[in-house]
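Structural characterization, general
As a plain string of letters, each chain reads:
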Amino acid sequence: TASRPLAKGTLTHKNAILVLIALLTCSFLLVLMLNWLTIGLSFAALLCASLYPFAKRVTHGAQVVLGLTFSFGILMAWTAVTGGLTEVPIFIFMANLFWACGYDTIYAMMDAEDDIKIGVKSTAVFFRSKIALAIGLFFTLMMCFLLLVGREAGMERPYYLALMVVALAFIYQYSTVWCSSRYSTPLTQARLFSLFKGHVFVGGVILTGIYFNYFLEV
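The structure contained in this document is the topic of the report that follows. Position labels on residues start from 1 in each chain and follow its written sequence. For a predicted model such as this one, the threshold for reporting local features is a pLDDT of at least 70, and the threshold for listing and counting side-chain atom pairs is 80 or more; totals across whole chains, interfaces and linings nevertheless cover every residue. Hydrogen atoms and water are omitted, and side-chain values are computed over all heavy atoms in the structure.

1. What about the nonpolar core?
What we call a nonpolar core is a set of buried Ala, Val, Leu, Ile, Met, Phe, Trp, Tyr and Cys residues that are connected through their side-chain atoms within 4.5 Å. Relative accessibility decides the category of a residue: with a 1.4 Å probe and only protein chains considered, values under 20% of the type maximum give buried, values over 50% give exposed, and everything between is partly exposed. Judged by nonpolar contacts, the single largest core of 37 residues is most densely connected at Trp 99, Met 142, Leu 146, Val 166, Phe 170 and Val 202. For the purposes of this entry, the term helix denotes a DSSP run of H or I that reaches at least four residues, the term strand denotes a run of E that reaches at least two, and both are numbered from the N terminus. Looking at this core, the elements that each hand over two or more residues are helix H5 (87-109), helix H8 (131-153), helix H9 (157-182) and helix H10 (189-217). Note on contacts: a residue pair qualifies if any of its non-hydrogen atoms lie within 4.5 Å across the two residues. The residues contacting Met 142, other than those within four sequence positions of it, are Ala 95, Phe 98, Trp 99, Phe 170 and Ile 206. By size, the runner-up hydrophobic cluster in this structure holds nine residues, among which are Ile 39, Leu 41, Phe 72 and Met 76.

Quick look at the structure:
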C-alpha cells in the first residue's frame with residue numbers, strides 16, 4: 001500500500017477526486033446507452049464500490065463486499081445483452097462472489113499482522129487458525145455454482161474438463177495453506193502473492209473451457 005500513488009504523495013487528494021469524478025461521469029454516460037434494468041444495477045454496483053473502502057473498518061466481511069462489487073458487472077453485462085435475468089447469470093454472480101472471497105482472503109493473509117496492529121478487519125483476520133477451511137469452503141462453493149451454470153446452460157465436455165483442472169488448482173492452494181497452518185510454518189508474502197496470482201491461470205482455464213465448448217459446437 002505504501003507504494004500506491006496517494007500513499008506516496010505522487011497523486012494529490014484534489015487530483016484523485018477530479019479523476020474519480022471524470023471516470024464516474026464517463027461511466028454514467030456509457031450506462032445511459034443501455035436499458036433501464038442495467039442502469040438500475042449500475043447504481044447497486046456503485047453503492048457496493050463506495051462501501052468497500054470503508055468495509056474493513058467495520059466488518060470482517062470486506063472480502064464479501066469486494067466480491068459483490070466485482071460480480072455486479074456480470075449481471076449488468078447479461079441484462080445489457082438480454083434485457084432480463086435468468087438463473088444462469090445469478091449462478092455466475094454467486095460463483096464469482098465466492099471466488100473473490102477465496103482469492104482475496106489469500107491476498108489479505110499478506111496484510112493480516114499489520115491489519116491486527118492497526119485495528120482493521122478482514123476474513124484473514126477473522127478465520128485465523130481456520131483460514132484453510134474458509135478458503136476451501138469458498139472455492140468449493142464457487143465450483144458448485146459453476147456446475148449449476150454448466151447444467152442450466154447446457155455446457156459440454158470442454159467446460160467440465162476445465163472445471164476439473166480448476167479443481168486441482170484449488171486443491172493445491174488449499175493444501176498449501178492447510179500445511180502452513182497445520183505445521184505452524186507461515187507462508188511468506190512472496191508465496192502468498194504467488195498463490196493469489198495463480199487465479200489468473202484459474203480464470204484463463206475457465207475461459208478456455210467456455211471457448212472450446214462453443215467452438216466445438218460450431
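Read on for the rest.
2. Observations regarding helix H4 (residues 62-82)
Look at H4: 31 Å from first C-alpha to last across 21 residues, which is about the 30 Å you get at 1.5 Å a residue. What we call the bend at a residue is the angle made by axes fitted to the seven residues finishing there and the seven residues starting there. Taking the largest bend as the criterion, H4 deviates by roughly 25°, centred on Phe 70. Along H4, the residues classified as buried are Ala 62, Gln 63, Val 65, Leu 66, Gly 67, Thr 69, Ser 71, Phe 72, Leu 75, Met 76 and Thr 79. Of the residues flanking the end of H4, it is Gly 83, one or two places downstream, whose phi is positive at about 85°. One less than the number of residues in a helix, times 1.5 Å, gives the span that helix is expected to have.

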